[in-house]
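Reading the structure
If you want the building blocks of each chain, they are given just below.
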Amino acid sequence: MEEIKKQILEYLQSIPKGKVTTYKNIALKFWVHPRKVAMIMKHNKDPIKYPCYKVVAYDWKISWYSTEKWVSEKILKLKNDWVKIIEWKVLKEFII
């Protein structure tokens, strides 16, 4: 596995329950383009181990989730983590 991909996926494991981050925040942390982060999330082979559902768009909107149930599954997982969502957006206090 490419080293930066490994680091980003492992970073997902450090995001506490009830918090999310953005593609942009991860990109800034690891000095890569947000689209690179999005591609890593898209090709995440183990979403249980690496919780990519905890990554949202820079404007805090719920975006793409590459499972059979798509965005509805992402929203359900976020709500199970006590993350509040209003009009397809995560509230600011849940963003790290």
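Being a predicted model, the structure only gives us computed values, none of them experimental.

Broken down by element type, the protein carries four helices and four strands. Each helix and strand of the protein, ordered N terminal to C terminal, gives the series α-β-α-α-β-α-β-β. In terms of principal-axis extent, the alpha carbons of the protein reach across some 35 × 25 × 20 Å. Once local pairs closer than 6 in sequence are excluded, the contacts in the protein between residues at least 24 apart make up 59%. With the model as given, the accessible surface of the protein reaches about 6,200 Å², and the carbon-plus-sulfur share is 58%. Of the charged side chains in the protein, 20 are positive and 10 negative; the average position of the first set lies 2 Å away from that of the second.

Okay, unusual backbone geometry next. With a phi angle near 55 degrees, Trp 31 is a residue other than glycine that sits in the positive phi range. Along the chain, Trp 31 turns up in the loop between α2 (23-30) and α3 (34-42). A residue is classified by how much of its surface remains accessible, and Trp 31, at 79% relative accessible area, is exposed. Phi is positive for Trp 60, close to 75 degrees, though the residue is something other than glycine. Its place among the elements puts Trp 60 in the loop between β2 (55-56) and α4 (70-80).

The rules behind these values
- Residues numbered from 1 in each chain as written.
- Predicted model: local features only at pLDDT ≥ 70, side-chain atom pairs only at ≥ 80, totals over all residues.
- Heavy atoms only, no water.
- Helix = DSSP H or I, 4+ residues; strand = E, 2+ residues; numbered from the N terminus.
- Contact = heavy atoms within 4.5 Å.
- Areas by Shrake-Rupley, 256 points an atom, 1.4 Å probe, with all protein chains shown as cover.
- Lys, Arg positive; Asp, Glu negative; His and termini not counted.
- Charge placed at Lys NZ, Arg CZ, Asp CG, Glu CD.
- Buried < 20%, exposed > 50% of the residue type's maximum accessible area, 1.4 Å probe, protein only.

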